[in-house]
Amino acid sequence: MDATRIIAVRHGETAWNVDTRIQGHLDIPLNDTGLWQARQLGLALAGEPVGAIYASDLQRAHATAQAVAETTGAPLTPEPGLRERSFGELQGRTFAEIEAELPEQARRWRKRDPHFAPEGGESLTALRARIAATVQRLAARHCGELVVMVAHGGVLDVLYRLATGQELQAPRTWQLTNAAINRLLWTPDGLTLVGWADTQHLDQASRDETLT
């Protein structure tokens, strides 16, 4: 069976990213920087033979994916299975507020307790199971093709761990940059890493040229 090539992307920047405010399943739009990042991403992928685009149904991911659909002509399908981790009662709070108001939850979160789920939210183990199943289901439809999946920081973190064999508790040493290009291969045996955190399309020189 031919491998499925995957370009995985975290959505463009939002105001809540800047504020370090937890978004989770809350539907926060892109800010001006995020809209620019989405356009640059679309231009960067314009020459890629993209067969399909799947995006989290939250608007920050869907708007980022729409920019890719416009330049590649590939069909865009909303996919709730690519949503960010649900953070339950932590959603809408900043990191500092969580530390001050819910110190025990903050401690378990910092330690990456894989079984910790905020009230009304998801554990890391549940998130990993959801993302692994979603990617397998989507990638199996497109053997031998290239697909783009636009999602969220927590989703990209899981994809990196699945592709490299990193445990959920392992400290993160890789970047999860908004609108960066990350490349993976999928076969029925799982994911492998091809390239990560390509941000050439987002460099400052490119931005200055675009904005003048």
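An account of the accompanying structure is given in this report. (Residues numbered from 1 in each chain as written. Predicted model: local features only at pLDDT ≥ 70, side-chain atom pairs only at ≥ 80, totals over all residues. Heavy atoms only, no water.)

Thoughts on helix 6 (residues 124–139)
Between its first and last C-alpha, helix 6 extends 22 Å over 16 residues, near the 22 Å set by a 1.5 Å rise per residue. What helix 6 keeps buried is the set Leu124, Leu127, Arg130, Ile131, Thr134, Val135, Leu138 and Ala139. Taken end-on, helix 6 shows its buried residues confined to a sector of 140 degrees, consistent with a single buried face. Where helix 6 is buried, its residues touch strand 1 (4–10), strand 2 (50–55), strand 4 (146–151), helix 7 (153–164), strand 5 (181–187) and strand 6 (190–198). (Helix = DSSP H or I, 4+ residues; strand = E, 2+ residues; numbered from the N terminus. Expected span 1.5 Å × (residues − 1). Buried < 20%, exposed > 50% of the residue type's maximum accessible area, 1.4 Å probe, protein only. Arc of directions from axis to C-beta. Contact = heavy atoms within 4.5 Å.)

Section: the nonpolar core
In this structure, Ile6, Leu159, Leu184, Leu191 and Trp196 are the most contacted members of the largest nonpolar core, which totals 28 residues. Breaking this core down by element, the ones donating at least two residues are strand 1, strand 2, helix 6, strand 4, helix 7, strand 5 and strand 6. Each residue touching Trp196, except ones within four places of it in the same chain, is listed here: Leu156, Tyr160, Trp174, Gln175, Leu176, Ile181, Asn182 and Leu184. Counting 16 residues, the second largest nonpolar core, distinct from the first, contains Val9, Val68, Leu146 and Val148. (Core = buried A, V, L, I, M, F, W, Y, C linked by side-chain atoms within 4.5 Å.)

Regarding the pattern of salt bridges
Tallied over the entire structure, the rule returns 12 salt bridges. Where Arg130 meets Glu122, a salt bridge forms, and the shortest distance between an N and an O atom there is 2.9 Å. There is no split in this pair, since Arg130 and Glu122 are both buried. (Salt bridge = Lys/Arg side-chain N within 4 Å of Asp/Glu carboxyl O.)

A few points about the packing of helix 6 against helix 7
At a closest axis distance of 10 Å, the pairing of helix 6 and helix 7 adopts a crossing angle of 75 degrees. Judged by the angle between their axes, helix 6 and helix 7 are roughly perpendicular. Here Leu127, Arg128, Ile131, Ala132 and Val135 of helix 6 come into contact with helix 7, specifically with Gly154, Val155, Val158, Leu159 and Leu162. Among the residues forming the contact of helix 6 with helix 7, the class breakdown is 8 nonpolar, 1 polar and 1 charged. (Axes fitted to C-alpha atoms, helices over the stretch in contact; angles between N-to-C directions. Parallel < 35°, antiparallel > 145°, perpendicular 65-115°, else oblique. Nonpolar A, V, L, I, M, F, W, Y, C, P; charged D, E, K, R; others polar.)

Looking at the environment of Thr20
Relative to the helices and strands, Thr20 is located in the loop between helix 1 (15–18) and helix 2 (32–44). Between the C-alpha atoms of Thr20 and Arg107, which are 87 residues apart in sequence, the distance is 17 Å. Look past the residues within four positions of Thr20 in its chain and what remains in contact with it is Arg93, Thr94 and Phe95.

A few points about the sheet that holds strand 3 (residues 76–78)
With mixed pairing, 6 strands are arranged side by side in an open sheet as 3-2-4-1-5-6. Among the strands making up the open sheet, the edge pair consists of strand 3 and strand 6. Put simply, the sheet's adjacent strands are angled 20 degrees from each other on average, direction ignored. As paired elements, strand 1 and strand 4 share 6 bridges and run parallel to each other. Note that in strand 4 the partner of Arg5 across the bridge is Leu146. Each of strand 2, strand 3 and strand 4 is contacted by helix 3 (residues 59–72), which is oriented at about 165 degrees to strand 2, the strand it contacts most. Its contacts with the sheet place helix 7 against strand 1, strand 4, strand 5 and strand 6, and it is angled at close to 125 degrees to strand 6. (Pairing = 2+ DSSP bridges.)

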